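Architecture and fold: a report
Take a look at the letters that make up each chain.
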Amino acid sequence: MATIRQGIYQLLSAVEIDTKEQGRTHVEPWLSQRLVIDGVARALNDDVHEIVVLKCRQVAITTVCSVIELFWSLANPGIQGAIIADRTDNLERLRRIFANLLETLPPEWRSEEHRIVQNNRTGLAFANRSVIDLLAAANNPDLGA
């Protein structure tokens, strides 16, 4: 069985994202993305489930965190996860990222249990009972605290 790290990298290499430079393309992870993936995988292997990523802008961490969230939700039935954007307008960008990821999922992630049963402005729900909520901190001051 693949490790968490291997599973995340396999999914990341299989899906495609839209880029300004190359259009829709496979992800070749940057150092910043590899550091986050490796750190998250190490934490999960050590049974740590609260992970905070401090990042600067324009290092593609939102994309890789979306892949990690999608991987974890599909691999673990019944998970409830969330991605919290800083502002409501950034939720649209998150929805576009997830739409690209879902459109380009490889066949092994398209089984009946991975079927999308809900995809709307509040998030995604899968047949395996996993949910990814899309939230904005600007709408809820407690989320940004």
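Up top you'll find the structure we're talking about.
All values reported here derive from a predicted model rather than from experimental measurement.

Another point: the pairing of strand β2 (residues 23-26). Both strand β1 (residues 16-19) and β2 contribute to a ladder of four bridges, which runs antiparallel. Within the sheet, the bridge partner assigned to Ile17 lies in β2 and is Thr25.

Taken as a whole, this structure holds seven salt bridges when the rule is applied. Asp38 is the partner of Arg5 in a salt bridge, and the nearest nitrogen-oxygen pair spans 2.8 Å. Of this pair, Arg5 sits in helix α1 (residues 4-14) while Asp38 is found in helix α2 (residues 31-45), placing the two residues 33 residues apart along the sequence. Since its relative accessible area comes to 22%, Asp38 is described here as partly exposed. In this structure, Glu103 engages Arg24 in a salt bridge whose closest nitrogen and oxygen atoms are separated by 2.8 Å. Separated by 79 residues along the polypeptide, Glu103 in helix α4 (residues 89-103) and Arg24 in strand β2 bring together distant segments of the chain. With relative accessibility at 52%, the residue Glu103 sits in the exposed group. By sharing partners, the salt bridges in this structure join Asp18, Arg24 and Glu103 into a single network.

Interaxial distance between α2 and helix α3 (residues 61-75) falls to 9 Å at its minimum, and their mutual angle equals 30°. Every pair of crossing elements has a handedness; the one defined by α2 and α3 is right-handed. Contacts between α2 and α3 involve Ser32, Gln33, Val36, Ile37, Val40 and Leu44 from the first element and Ile61, Thr63, Val64, Cys65, Ile68 and Trp72 from the second. Here the residues of the contact of α2 with α3 sort into nine nonpolar, three polar and no charged.

Sheet architecture is open: four strands sit in the order β3-β6-β5-β4, paired in mixed fashion. The two strands at the open ends of the sheet, each matched to only one other strand, are β3 (80-85) and β4 (116-120). The mean inter-strand angle of the sheet, taken between neighbouring strand axes irrespective of direction, is 10°. Bridge count for strand β5 (residues 123-126) against strand β6 (residues 131-136) is three bridges, and the pairing is antiparallel. The partner of Gly123 across the bridge, within β6, is Asp133. Sheet strands in contact with α3 are β3, β5 and β6, and its direction is about 165° off that of β3. Together, β3, β4, β5 and β6 form the strand contacts of α4, whose direction differs from that of β6 by roughly 155°.

Taken as a whole, this structure holds one aromatic pair when the rule is applied. A ring pair is formed by Phe71 and Trp109, whose centres lie 5.8 Å apart and whose planes are at 70°; its orientation type is edge-to-face. Here Phe71 is found in helix α3, whereas its partner Trp109 is found in the loop between α4 and β4, with 38 residues between them in sequence. Residue Phe71 shares its accessibility class with Trp109, and that shared class is buried.

What counts and how
- Residues numbered from 1 in each chain as written.
- Predicted model: local features only at pLDDT ≥ 70, side-chain atom pairs only at ≥ 80, totals over all residues.
- Heavy atoms only, no water.
- Pairing = 2+ DSSP bridges.
- Helix = DSSP H or I, 4+ residues; strand = E, 2+ residues; numbered from the N terminus.
- Salt bridge = Lys/Arg side-chain N within 4 Å of Asp/Glu carboxyl O.
- Buried < 20%, exposed > 50% of the residue type's maximum accessible area, 1.4 Å probe, protein only.
- Axes fitted to C-alpha atoms, helices over the stretch in contact; angles between N-to-C directions.
- Left-handed = near helix turned anticlockwise from the far one by under 90°.
- Contact = heavy atoms within 4.5 Å.
- Nonpolar A, V, L, I, M, F, W, Y, C, P; charged D, E, K, R; others polar.
- Phe/Tyr/Trp six-rings, centres within 6.5 Å; stacked < 30°, edge-to-face > 60°.

Everything listed here is a matter of geometry and, on its own, says nothing about what the molecule does.
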